[in-house]
Amino acid sequence: MSRRLAPLNAPQTSVLIADQLRERVLDGSYAPGEQLSEAHLAEQLGISRGPVREALQRLSQEGLLISHRNRGVFVVELTPADIAEIYAAREAVELAAARIVFEGDHDSKAAAVARLSAIVATMPEIVEANDWQQLALEDLKFHASLVESTGNSRLVRIYATLAAESRICMVHLENAYHRPQALTEEHQRIVDLLDAGPWEELSATIRKHMATAVEDLTMLTAERDRLRDGELPGG
């Protein structure tokens, strides 16, 4: 992973800077709890500090950074309680999205099912290759595609923030999946039920899928933290 930011030759805007910083946070280049120096970033980008400050404020509003008075700006550190909240919110949005698609017209639902099936088809090879970062991206792409299939721009906008936070949950784990071999089957089950129903089983499957993710991420995060803490005395 490259931590270096690309100099901006176009007219400098906080949006362009925020886009670069956001991707560095989401791909794990900046670690949870790491401080981001406004002065250092401005120097690296070759610009004044004003646009950088605005970009950091933007990412703070998105929940990716946290600002501590008189201390600076830091990459957010997500706790087990945060993970539970993120996935509870995801569950609410995805259930709403699934209901819209499930009860929508035949052609729209068929198109959604085809898109989701294509994503699921990529998963076995990725699991076989032990490419957990790519698997996390495909996993989130699946769920984002479900929400996008509604055509509801507000649901899509809400979900984008939740997906980014989910990616932060996953990116610093060597493997964010306790049962990776079951992942393809779980997602295919959602597709099949979205296509044919019944709704009660589809909604129950989505809820179980979210609950399983919370359990896995909480357990794996705890294991990572125990290993990290155990390595500290040895330096």
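Going by the structure above, here's the rest.
Residues numbered from 1 in each chain as written. Predicted model: local features only at pLDDT ≥ 70, side-chain atom pairs only at ≥ 80, totals over all residues. Heavy atoms only, no water.

Draft legend 1. Main features of empty space enclosed by the protein. Here the structure, examined in full by the defined rule, presents one cavity of 30 Å³ or more. Roughly 190 Å³ of volume is contained in the largest cavity. Forming the walls of the largest cavity are 18 residues, and the residues nearest its centre are D139, Y177, L183, H209 and A213. Every element with two or more residues in the lining of the largest cavity is listed here: α4 (80-102), α6 (132-148), α8 (183-196) and α9 (199-231). In terms of residue count, α9 provides more of the lining of the largest cavity than any other element does, six residues in total. Partitioning the lining of the largest cavity into residue classes produces ten nonpolar, three polar and five charged. (1 Å grid on protein atoms, 1.4 Å probe; cavity = no way out; pocket = protein on both sides within 12 Å on 5 of 7 lines; lining within 4 Å. Points joined across faces, edges and corners; volume = space filled by probe spheres on them. Helix = DSSP H or I, 4+ residues; strand = E, 2+ residues; numbered from the N terminus. Nonpolar A, V, L, I, M, F, W, Y, C, P; charged D, E, K, R; others polar.)

Draft legend 2. Spatial organisation of the packing of aromatic side chains. For the structure shown, the criterion picks out one aromatic pair. Pairing F102 with W199 gives two aromatic rings, centres 6.0 Å apart and planes at 40°, and the pair type is tilted. Here F102 is found in helix α4, whereas its partner W199 is found in helix α9, with 97 residues between them in sequence. W199 carries the same exposure label as F102, and that label is buried. Seen from the ring of F102, K109 lies directly overhead, with NZ or CZ sitting 4.8 Å from the centre. (Phe/Tyr/Trp six-rings, centres within 6.5 Å; stacked < 30°, edge-to-face > 60°. Buried < 20%, exposed > 50% of the residue type's maximum accessible area, 1.4 Å probe, protein only. Lys NZ or Arg CZ within 6 Å of the ring centre and 35° of its normal.)

Draft legend 3. Quick peek at unusual backbone geometry. Backbone torsion omega between G197 and P198 reads 0°, so that peptide bond is classified as cis. Tracing the sequence through the fold places P198 in the loop between α8 and α9. Unlike most non-glycine residues, N70 shows phi in positive territory, near 65°. With respect to the helices and strands, the residue N70 is situated in the loop between β2 (65-68) and β3 (72-75). On the basis of relative accessible area, N70 is assigned to the exposed category, the value being 78%. The backbone of N130 shows a phi angle near 55°, a positive value even though the residue is not glycine. Within the fold, N130 resides in the loop between α5 (106-128) and α6. Taking the relative accessible area as the measure of exposure, N130 reaches 49% and is therefore partly exposed.

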